[in-house]
Amino acid sequence: MTQYDNQNLKEKYLNLLAEKFDEEEKVATEIINLQSILDLPKGTEHFVSDLHGEYHAFQHVLRNGSGNVRAKINDIFKETHSEEQISELAALVYYPEEKLKLIKNQFETKTDLNEWYIETIQQMIHLISYASSKYTRSKLRKALPKQFVYIIEELLYKSNVYNNKTTYYETIVQKVISLGQSDKLIIGLAYTIQQLVVDHLHVVGDIYDRGPEPDKIMETLINYHSVDIQWGNHDVLWIGAYAGSKVCLANILRICARYDNLDIIEDAYGINLRPLVNLAEKYYGDNPAFYPKEHTEKKLSADEKLQITKIHQAIAIIQFKLESPIIKRRPSFDMEERLVLEKVDYDKQEITVYGHTYPLENTCFETIDRENPAHLIEEEEEVINKLLLSVQESEKLKRHMNFLMKKGNLYLKYNGNLLIHGCIPVDEHGNMEDMEIDGKMYSGRELLDQFEHHIRESFSHKNETDDLSTDLIWYLWTGKYSSLFGKRAMTTFERYFIKDKSSHKEVKNPYYYLREDSEMCRKMLEEFDLDPEQGRIINGHTPVKEIDGENPIKANGKMIVIDGGFSKAYQSTTGIAGYTLLYNSFGMQLVAHKHFGTKENVLLNGADELSVRRVVDEELERKKVRDTNIGAKLQEEINMLQELMSYRYID
Ligand SMILES: O=P(O)(O)OC[C@H]1O[C@](O)(COP(=O)(O)O)[C@@H](O)[C@@H]1O
Ligand SMILES: [Mn+2]
């Protein structure tokens, strides 16, 4: 573009802007408004990761803002309220519908109940006023329940013009009560408080797999006021399945069978499993290696368990077969060692992998042709094709996957930090590892950008099932240089069929020990054009084994690992239900969570299931909006408006 074109474009833009700001005063007002926002303290960011379908635990962390709601209640009421009263109020804010029912049952007379309403509404208004002190009025208004905006603003702002504040509150609230609106108002106020304590949510990957309700988590995120997602390896597996990768599809079904979560496929997403069930019933029998993991709350009957065991085998074998042609057509994936079906000696029931020969047990090779082990029999081919069709036709899945694409990225640079689920592949010397894609070598940030490009490419061509982009999504799940997998190879086959546990080991990328080193972290931040002094890397993906003394804050605070540990299946190895992170204008705080019991426990006993907060760092100076990504955007707007001012209104 020539300088002349540029000038032309700018003038067009300014003319457009002038349509909206058609008077000098309007421009001035907007500049002053934006300028004052820049000086407000930065909003609170909330980081969670590895939710793994654990909807209830996630809901709890979200509703209490990783302890932020309670902290605000404490700030205001610790002098006047007992611990028990604070817990009651906190539970009301987290679960207003349920808590209201419980509380209302305690009152014998209407007068007592009304008194409680008056007091509670007043306390909640106080909380809102405190929690919103760093927001503009317009932002607060957007967070208020629509039908009560007028009343709440009346209570928030006008009360102090009256001498007798209490009477004024009471008159309004009495009216609300007599009109039968008090429950609705309290519920609305509770959600407003939840929304005010967290300005923005980051989900650092792995919403899907292992737990029972990822679909409900997706609905929650879709309705959340402000969120971004850094895809995890499990999320990308689902994206891959929807984008046309049959092998990704086989994997998600296998994992659902393994964790007894086929309901997600059938009931939540309406995908017909009948063809797979028929195939499974025809070829497979009982097999302890494929028993589903049982839920604590839901007991399976013997028949159900047997059926899932059969499905689990059928889909695992389809998966192994589907891997083979991809490995063969993509030599740059460097995965020949994973041609497992070809490495089996079917007479001896042995396999030779990575130079070791192991006996196989619990095999289920009924549909395997020894001469051509990766060949899908006709029924398998038909089953996977039908399943893919059904997956791509699921309206709900489409909605959820579209949302993942819209709000998600492979990594995110946000307010100076790098958010990434897995890793940046490096060698043992800390050099970024190269990978060849389509004849070119990429490493570090460029490699990640290539990966993301191909995910989006595959997603926009769902009919293509065997192209490079679609194969690369599977590579991200399981390949050596995948930034999401972060291990050298996935030993799924060995885990099912080989007893010797040494064959199950999955070697991690050197990133996972090098990230302890602050110099290495600085280098990685620089790779992403971030300031190594200010920035930090926020990771998910690997459960932090607090039990073994592992510290989630690494490299002098340059690296923070917040695998949420929501996944029940992994809690016994971590000894804790994981971490979340809060980043407000005063600095960063890591929050450790206890196992989430039940909502009932919170409602009845006020148990927050939270434990310690560790300060990662305190800001020397309180961070303002002007120091954030949003601040930079606002500053650009101000600059434009200033140009408009001189272009249009000032001679
Ligand atoms: O414990 P499971 O369900 O068998 O899963 C094990 C597999 O999950 C992985 O750990 C990947 O999942 P994560 O992202 O949760 O770590 C693989 O490396 C491993 O093969
Ligand atoms: Mn992961």
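Residues numbered from 1 in each chain as written. Chains lettered and ligands numbered in written order. Predicted model: local features only at pLDDT ≥ 70, side-chain atom pairs only at ≥ 80, totals over all residues. Heavy atoms only, no water.

**Student:** Teacher, can you tell me more about the site of ligand 1 here?
**Tutor:** Lining the immediate environment of ligand 1, one finds 14 residues, of which Arg210, Arg258, Tyr259, Glu506 and Tyr570 sit closest. At 2.8 Å from an oxygen atom of ligand 1 is found a side-chain nitrogen or oxygen belonging to His234. Out of a free accessible area of 470 Å², ligand 1 has 87% covered by protein chains. Here ligand 1 occupies the largest pocket. A breakdown of the residues in the shell around ligand 1 according to their chemical character gives four nonpolar, four polar and six charged. (Near = heavy atom within 4 Å. Polar contact = N/O pair within 3.5 Å; in protein donor to acceptor, adjacent residues only side chain to side chain. Areas by Shrake-Rupley, 256 points an atom, 1.4 Å probe, with all protein chains shown as cover. 1 Å grid on protein atoms, 1.4 Å probe; cavity = no way out; pocket = protein on both sides within 12 Å on 5 of 7 lines; lining within 4 Å. Sits in = over half its atoms within 2 Å of the grid points. Nonpolar A, V, L, I, M, F, W, Y, C, P; charged D, E, K, R; others polar.)

**Student:** For this particular structure, what's the right way to read the pairing of strand β16 (residues 587-593)?
**Tutor:** On a regular strand, each side chain points to the face opposite its neighbour's, so the side chains alternate between the two faces of the sheet. Counting buried positions along β16 gives seven out of seven residues, so the element sits mostly inside the fold. One ladder, built from six bridges, connects strand β15 (residues 579-584) with β16; its direction is antiparallel. When the bridges of β16 are listed, Leu582 appears paired with Gln589. Counted along the chain from β15 to the antiparallel partner β16, the turn is two residues long. (Buried < 20%, exposed > 50% of the residue type's maximum accessible area, 1.4 Å probe, protein only. Helix = DSSP H or I, 4+ residues; strand = E, 2+ residues; numbered from the N terminus. Pairing = 2+ DSSP bridges.)

**Student:** Where do I start with the sheet that holds strand β5 (residues 350-353) in this structure?
**Tutor:** A sheet is described by the order of its strands in space; here three strands give the open sequence β4-β5-β6, paired in antiparallel fashion. Each of the sheet's edge strands pairs with one partner strand only, and the pair in question is β4 (344-345) and β6 (356-359). Of the pairings in the sheet, the one linking β4 to β5 comprises two bridges and is antiparallel in character. By the bridge assignment, Asp345 is partnered in β5 with Glu350.

**Student:** Could you clarify how one ought to interpret the layout of surface pockets in this entry?
**Tutor:** The gaps left among the atoms become clear once a water-sized probe is rolled over them. Volume-wise, the largest pocket comes out at about 1,300 Å³. If you go around the largest pocket, you meet 42 residues; those closest to its centre are Arg210, Lys487, Arg495, Glu506 and Tyr570. At the level of secondary structure, the elements contributing two or more residues to the lining of the largest pocket comprise α13 (233-242), α14 (246-258), α22 (492-497), α23 (511-514) and α25 (568-574). The residue makeup of the lining of the largest pocket, split by class, is 14 nonpolar, 10 polar and 18 charged. Looking at the second largest pocket, it is lined by 29 residues, and the ones nearest its centre are Ile37, Tyr135, Lys139, Asp199 and Ile630. At the level of elements, α2 (24-38), α8 (137-143), α11 (182-197) and α27 (629-649) are the ones that each hand at least two residues to the lining of the second largest pocket. Examining the composition of the lining of the second largest pocket, we find that four residues originate from one element, α8, more than from any other. Residue composition of the lining of the second largest pocket, grouped by class: 12 nonpolar, 11 polar and six charged. (Points joined across faces, edges and corners; volume = space filled by probe spheres on them.)

**Student:** What should I look at first to understand the coordination of the manganese ion (ligand 2) in this one?
**Tutor:** When a metal holds four donors in a tetrahedron, each ideal angle between them is 109.5 degrees; when it holds six in an octahedron, the ideal angles are 90 or 180 degrees. Surrounding the manganese ion (ligand 2) are the protein donor atoms Asp206 (OD), Asn233 (OD1), His421 (NE2) and His541 (ND1), at 2.1 to 2.3 Å. Along the chain, the residues that donate to the manganese ion (ligand 2) are spaced as D-x26-N-x187-H-x119-H. You can see His421 sitting in the loop between β9 (417-420) and β10 (435-437) and its partner His541 sitting in the loop between β12 (537-539) and β13 (553-554), a full 120 residues away along the chain. Of the two residues examined, His421 and His541, each falls in the buried class. (Donors = N, O, S within 2.8 Å, 3.2 Å for Na, K, Ca; no water.)

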